[in-house]
Amino acid sequence: MSLPEPKPVKPAPSARADRPFKGIVLILASTIFLGLSDVTAKYLSSSLPSIEITWIRFLVFFLIMTPAMIPGSPLFALKTGRRKLQFMRGAAVLGSSLFFITGLGFLPIAEASATGFVAPMFVTALSIVFLNEVVGLRRWMATAVGLLGVIIILRPGTSAFHVAAFFPLMSALAWACTLIMTRMLSATERAITTMAYSSIAGLLILSMLVPFVWVTPTWQAVALGVFIGVASTAGQWIVVLAFRYADASVLAPFSYTQLLWVTFLGFVVFGEIPDVWTVVGAGFIVASGLYTAHRERVRQSQLLQAVGESSPNA
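Enquirer: Can you help me understand the overall build of the chain in this one?
Expert: On a plain count of helices and strands, the chain comes out with 12 helices and 0 strands. Along the chain, helices (α) and strands (β) appear in the sequence α-α-α-α-α-α-α-α-α-α-α-α when read from the amino end. Relative to its full complement of 314 residues, the chain shows a buried share of 48%. Long-range pairs, those at least 24 residues apart, make up 89% of the contacts in the chain between residues at least 6 apart in sequence.

Enquirer: Explanation requested: helix 5 (residues 119-130) in the structure shown.
Expert: Structural remark: α-helix, 3.6 residues per turn; residues separated by three or four positions point the same way. End to end, helix 5 covers 16 Å across 12 residues, agreeing with the expected 16 Å (1.5 Å per residue, within 8%). Taken together, the buried positions of helix 5 are A119, M121, V123, T124, L126 and S127. Positioned one or two residues after helix 5, N132 has a phi angle of 55°, which is positive.

Enquirer: So what exactly am I meant to see when it comes to the side chain of T194 here?
Expert: You can see T194 is positioned in helix 8 (residues 191-209). A residue is classified by how much of its surface remains accessible, and T194, at 8% relative accessible area, is buried. Leaving out residues up to four positions away in the same chain, T194 has contacts with Q86, R89, L185 and E189.

Enquirer: Sorry if this is basic, but what is going on with the packing of aromatic side chains here?
Expert: This model, assessed by the stated rule, comprises 5 aromatic pairs. Ring geometry for F117 and Y256: centres 5.0 Å apart, planes at 35°, overall tilted. One end of the pair, F117, is in the loop between helix 4 (109-116) and helix 5; the other, Y256, is in the loop between helix 10 (248-255) and helix 11 (257-270), and 139 residues separate them in sequence. The exposure classification of F117 matches that of Y256, with both residues buried. For K42, the ring lying beneath its charged end belongs to F270, and the centroid distance is 5.4 Å.

Enquirer: Help me out: how do you make sense of the packing of helix 2 (residues 50-65) against helix 9 (residues 219-242) in this one?
Expert: A pair of packed helices is characterised by two quantities: the angle between their axes and the separation of those axes. Closest axis-to-axis distance for the helix 2/helix 9 pair is 8 Å, and the angle between their directions is 55°. With respect to helix 9, the element helix 2 is oriented oblique. Taken as a pair, helix 2 and helix 9 cross one another with a handedness that is right-handed. Residue-level contacts link I53, I56, R57, V60, F61 and I64 of helix 2 to G225, V226, I228, G229, V230, S232, T233 and Q236 of helix 9. Classifying every residue of the contact of helix 2 with helix 9 gives 8 nonpolar, 5 polar and 1 charged.

The rules behind each value
- Residues numbered from 1 in each chain as written.
- Predicted model: local features only at pLDDT ≥ 70, side-chain atom pairs only at ≥ 80, totals over all residues.
- Heavy atoms only, no water.
- Helix = DSSP H or I, 4+ residues; strand = E, 2+ residues; numbered from the N terminus.
- Buried < 20%, exposed > 50% of the residue type's maximum accessible area, 1.4 Å probe, protein only.
- Contact = heavy atoms within 4.5 Å.
- Expected span 1.5 Å × (residues − 1).
- Phe/Tyr/Trp six-rings, centres within 6.5 Å; stacked < 30°, edge-to-face > 60°.
- Lys NZ or Arg CZ within 6 Å of the ring centre and 35° of its normal.
- Axes fitted to C-alpha atoms, helices over the stretch in contact; angles between N-to-C directions.
- Parallel < 35°, antiparallel > 145°, perpendicular 65-115°, else oblique.
- Left-handed = near helix turned anticlockwise from the far one by under 90°.
- Nonpolar A, V, L, I, M, F, W, Y, C, P; charged D, E, K, R; others polar.

Next comes the structure, spelled out in structure tokens:
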């Protein structure tokens, strides 16, 4: 993941503990929660519209974050000087969830998940525009490899191509926008503030859309929807905790274990077996992501050395 140019201010020593093993364990745990959330969303997509599934997810997210919205509460976290950017990030989070869940209704879960992992490639391109970064040739080549992986999976122009494949791609683009805005907010905003505003923005937008597609859910569907909300919120929060203990470049390789979980669960629940093209394309995407993470680690080390510091995970 690309980072903005650092300001010439030495970070506080207590900002993050350097405990990479704990960070890795947490990121592995997060992939289980997120994988379960995705598989459950795909299961529900056969009976409920994607907008309604996403609405239930964000309603649960909002309820979990409610303590951070009560004035006078020790957890109150709505004070911000960047409210507009917070709501824009929330809309991007919503877009990522909605597009992905919509795609799950048409595509095998392994294919949709592998395609969604191209988000770091979009981050590379967007960081030039929004973070004024200079992207080197090697990172562009890694991006090209990742996009080649997407083409291998989707095979446009053949009978295997499904127009719904654009949904996970749009989800990845929205998530890349989320990551860019997260970086823009991270210098001044607390994680709990960012999550609270994401829940508010997502619920407000979806509450205006869901009446047009409403299907009365069964109690089983409601229970599964609540599970999606709890699992996805837990997974995202565990990711936040993981980044307190290790750099993104250290954690990135382990985030790809989510592909293993969804592939396994897709086989158990839906009987889906990914074809050879999905496996090969996923390999290209993972290789691209790993190399991008490696180059980011090198870049961070060089930037830190330039301001008289050493990389905490070198």
